[in-house]
Amino acid sequence: MPRTARLTRDDWAQAALDALAEGGPAAVAVEPVTARLGASKSSFYWLFPSRQALLEAALERWERVQTDEVLPWLAGIADPADRLRRLVRHAFAATGGGDLALSLLMHAGDPVVRPVVERVTRRRLATIEAAFAELGQPAPLAGQLAAACYAGYLGTAALRRVGAAPAESAGYLDTLLAGLTRP
């Protein structure tokens, strides 16, 4: 359906992110994204010089919205156990976020995708690891627990794709956190 309002770079970046989640970097092509938005190719080229620029804008949006805007909120939660609980609940509730992170990790061989995915993954793991360290876990174990927690997030996204994720998410998340935070 054609749009009458002028599309912003952010609109295009979000449409490209949606395409990325569904089909990886190859799905971020001018014609499919313009069709998704009901826009013309000329409106695309008004904002972006190339398909790669759109892919870069999409990845920048992903990092900004799903990491840069979340980490300060988490930093404001003083209790590390509460911070972990809120992070896990927030991340698992945003089902599309896990799907996109999983898809991007699966396409980390792409030279445009790789540096962003590495940076975001490392930042997320460092945040989770810091919470475990504040809970008294020694450095090597805190890092392992952070990796297990993030792997649980990605694994749940993979299970959702095939309809095999646990149906009752609150109990599932409580079990996951209890397993990771048990002394």
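In what follows, the structure referred to is the one given above.
Since the model is a prediction, treat every value here as computed from it, not as a measurement.

## Brief notes about the environment of A27
- For A27, the location among the structural elements is in the loop between α1 (9-23) and α2 (30-37).
- Of the residues examined, A27 reaches a relative accessible area of 25% and is grouped as partly exposed.
- In this structure, the C-alpha to C-alpha distance between A27 and A165, residues 138 residues apart in sequence, is 26 Å.
- Discounting residues that sit within four places of it in the chain, A27 has contacts with A19, P32 and V33.

## Here's the deal with the environment of L17
- Here L17 lies in helix α1.
- Sequence spacing of L17 and R123 is 106 residues, and the spatial spacing of their C-alpha atoms is 20 Å.
- L17 has contacts with A58, R61, W62 and L100, leaving out every residue within four places of it along the chain.

## Some points on the layout of surface pockets
- Of the voids in this model, the largest pocket is the one considered here, and its volume is about 300 Å³.
- Looking at the largest pocket, it is lined by 19 residues, and the ones nearest its centre are Q66, L87, A91, R124 and Y153.
- For the lining of the largest pocket, the element with the highest residue contribution is helix α6 (residues 80-93), accounting for five residues.
- In terms of residue class, the lining of the largest pocket is built from 13 nonpolar, five polar and one charged.

## Some points on the side chain of T121
- Within the fold, T121 resides in helix α8 (residues 113-134).
- Taking relative accessible area as the criterion, T121 reaches 15% and is therefore assigned buried.

## Observations concerning the pattern of salt bridges
- Overall, the coordinates contain 14 salt bridges when judged by the stated rule.
- A salt bridge links R89 to D174; its shortest N-O distance comes to 2.5 Å. Of this pair, R89 sits in helix α6 while D174 is found in helix α10 (residues 169-181), placing the two residues 85 residues apart along the sequence.
- Since its relative accessible area comes to 32%, R89 is described here as partly exposed.
- Given the relative accessible area of 39%, D174 is considered partly exposed.
- Between D99 and R161 there is a salt bridge whose closest N-O contact spans 4.0 Å. Residue D99 is located in helix α7 (residues 95-106), and its partner R161 is located in helix α9 (residues 139-161); the two are separated by 62 residues in the primary sequence.
- The exposure class assigned to R161 is partly exposed, which follows from its relative accessible area of 40%.
- Salt bridges sharing common partners tie together D10, R61, R64 and E69.

## As for the packing of α6 against α8
- At a minimum axis separation of 8 Å, α6 and α8 run at an interaxial angle of 145°. Between α6 and α8 the crossing geometry is left-handed. Two secondary-structure elements touch here, α6 through P80, R83, L84 and L87 and α8 through I128, A131, F132 and E134.
- A per-class count over the contact of α6 with α8 returns six nonpolar, no polar and two charged.

## A short note on the packing of α6 against α9
- The interhelical angle for the contact between α6 and α9, taken along N-to-C directions, is 20°, at an axis separation of 10 Å. In terms of orientation, α6 and α9 fall into the roughly parallel class. Between α6 and α9 lies a crossing of right-handed hand. Across the interface between the two elements, V88, A91 and F92 of α6 pack against C149, G152, Y153, T156 and R160 of α9.
- Tallied by class, the residues present in the contact of α6 with α9 amount to five nonpolar, two polar and one charged.

Criteria and cut-off values
- Residues numbered from 1 in each chain as written.
- Predicted model: local features only at pLDDT ≥ 70, side-chain atom pairs only at ≥ 80, totals over all residues.
- Heavy atoms only, no water.
- Helix = DSSP H or I, 4+ residues; strand = E, 2+ residues; numbered from the N terminus.
- Buried < 20%, exposed > 50% of the residue type's maximum accessible area, 1.4 Å probe, protein only.
- Contact = heavy atoms within 4.5 Å.
- 1 Å grid on protein atoms, 1.4 Å probe; cavity = no way out; pocket = protein on both sides within 12 Å on 5 of 7 lines; lining within 4 Å.
- Points joined across faces, edges and corners; volume = space filled by probe spheres on them.
- Nonpolar A, V, L, I, M, F, W, Y, C, P; charged D, E, K, R; others polar.
- Salt bridge = Lys/Arg side-chain N within 4 Å of Asp/Glu carboxyl O.
- Axes fitted to C-alpha atoms, helices over the stretch in contact; angles between N-to-C directions.
- Left-handed = near helix turned anticlockwise from the far one by under 90°.
- Parallel < 35°, antiparallel > 145°, perpendicular 65-115°, else oblique.

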